[in-house]
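Residues per chain, in single letters:
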Amino acid sequence: MLRRFRLEEPESIQDASDLLARHGESAKVYAGGTELLLAMKEGLIHCERLINIKKIPDLDQVKLKDGTIHIGALSTHRELCCFPLLQERLPALVEMERNVANIRVREVGTIGGNLSFAEPHADPGTLLLVLGAKLIAEKTSSKREIPMERFFVDAYETCLEPDEILTEVELPLPPGRSGVTYLKFGYLERPSVGVALFLALDGAKKSIADVRIAVGCAGPTPRRIEEAEGLLKGKDFNEASRLIARAGEIAAHQSQAISDLHGSQDYKEHIVQVLLKRAFHHAYGQCQP
Ligand SMILES: Cc1cc2nc3c(=O)[nH]c(=O)nc-3n(C[C@H](O)[C@H](O)[C@H](O)COP(=O)(O)OP(=O)(O)OC[C@H]3O[C@@H](n4cnc5c(N)ncnc54)[C@H](O)[C@@H]3O)c2cc1C
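Residues numbered from 1 in each chain as written. Predicted model: local features only at pLDDT ≥ 70, side-chain atom pairs only at ≥ 80, totals over all residues. Heavy atoms only, no water.

S.K.: In this structure, what is going on with unusual backbone geometry? I would like to understand it.
M.R.: Note: most peptide bonds trans; most residues except glycine with negative phi. Positioned with a positive phi, A118 is a non-glycine residue whose angle comes to about 55°. Tracing the sequence through the fold places A118 in the loop between α7 (111–117) and α8 (124–130). Judged by its relative accessible area of 3%, A118 is buried. (Helix = DSSP H or I, 4+ residues; strand = E, 2+ residues; numbered from the N terminus. Buried < 20%, exposed > 50% of the residue type's maximum accessible area, 1.4 Å probe, protein only.)

What follows is the structure, encoded as structure tokens:
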């Protein structure tokens, strides 16, 4: 049962951050409420005050500026599926968002809420890692940029300070001759394993000029697998195809997979290898002119 709480409706970041600072652990940011209200109903989180940030203007904007896509933290999963700029320039993000949860959750759940909750079995963090995302966090007196690699600290834990609000996700536009793929597998409502891959080719030599690999959902937080990236970098398609099984073994080993309701450690490690191989061929196909 939902206990009584007070709803605050600030109209600026500063007022929202002041409320968080003043009320400490008894207050929480409220965006779409899809995680928060569920956790409160289950008695997993108790808070006396919800700070509804939906009255703060412009936090749901998506725009392109100087080669960077800026996604407001209040953008819902459904809005991100439908945004023409993203459909044209970042179809992998649109595809990922289309497959988050179910239509009811996508309609109100926000990208900022998804990232801030840091639930391990979530999709966006893994893809954002290979897209080179930066997150913008703001509070009353300051604004800072957090590289995606530093955002997640542990399951349900981020590096956000108690009075900070996640306001924006910044994504550089992928270069020409590049491909991005996010693949996931699961048999419950949320994914058991997610694998993301970004590839960019050197135009003349057709070798892999840049590669980023991330694995999510298997362990407590999504993570980059730099050793596997190093194995593929500089290789042409044939060499990389021969090495992809080894890259998969490294990714599985370094995914920090744990046994839980979504599968055993061995099972998740196997799925990582299968998905990475598929993602490689898919992303490479996108790099072709
Ligand atoms: C049935 C179900 C299935 C799901 N399946 C999937 C899935 O397949 N893949 C997937 O990725 N996710 C899945 N989710 C998670 C879903 O994506 C999130 O519930 C949603 O995005 C959370 O956003 P929200 O705005 O509702 O967050 P809220 O519930 O409003 O907030 C979540 C947490 O983040 C904090 N918070 C929210 N916004 C901010 C902010 N801007 N700054 C700082 N803190 C903030 C809140 O204080 C709270 O602690 C599922 C959820 C449900 C309920």
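S.K.: What exactly am I supposed to notice about the domain arrangement of the protein chain here?
M.R.: Note on interface size: it is often stated as the accessible area lost on association of the parts. On domain assignment, one finds that the protein chain holds domain 1 (6–52), domain 2 (62–172) and domain 3 (179–287). Counting the surface lost from both domain 1 and domain 2, the interface buries some 1,100 Å², and carbon and sulfur atoms represent 73% of this. Applying the counting criterion to the domain 1 and domain 2 interface returns zero salt bridges. Inspection of the region where domain 1 meets domain 2 yields three residue pairs in polar contact (both at pLDDT 80 or more). Top contributing element to the side of domain 1 that touches domain 2 by residue count: helix α1 (residues 13–23), with seven residues. Among the residues forming the side of domain 1 that touches domain 2, the class breakdown is seven nonpolar, four polar and two charged. (Domains from an automatic or database assignment. Buried area = accessible area lost by both parts, 1.4 Å probe. Salt bridge = Lys/Arg side-chain N within 4 Å of Asp/Glu carboxyl O. Polar contact = N/O pair within 3.5 Å; in protein donor to acceptor, adjacent residues only side chain to side chain. Nonpolar A, V, L, I, M, F, W, Y, C, P; charged D, E, K, R; others polar.)

S.K.: I keep staring at the site of the ligand and nothing clicks. Help me out?
M.R.: Inspection of the region around the ligand gives 32 residues, with V29, G32, T34, H77 and T110 positioned closest. In this structure, E35 approaches the ligand through a main-chain N or O atom, which is 2.9 Å from an oxygen atom. H77 places a side-chain nitrogen or oxygen 2.7 Å from an oxygen atom of the ligand. Burial of the ligand by the surrounding chains reaches 94%, relative to a free accessible area of 970 Å². Those elements that place two or more of their residues in the shell around the ligand are β2 (27–30), α7 and β10 (165–172). Tallying contributions element by element places α7 first for the shell around the ligand, with five residues. (Near = heavy atom within 4 Å. Areas by Shrake-Rupley, 256 points an atom, 1.4 Å probe, with all protein chains shown as cover.)

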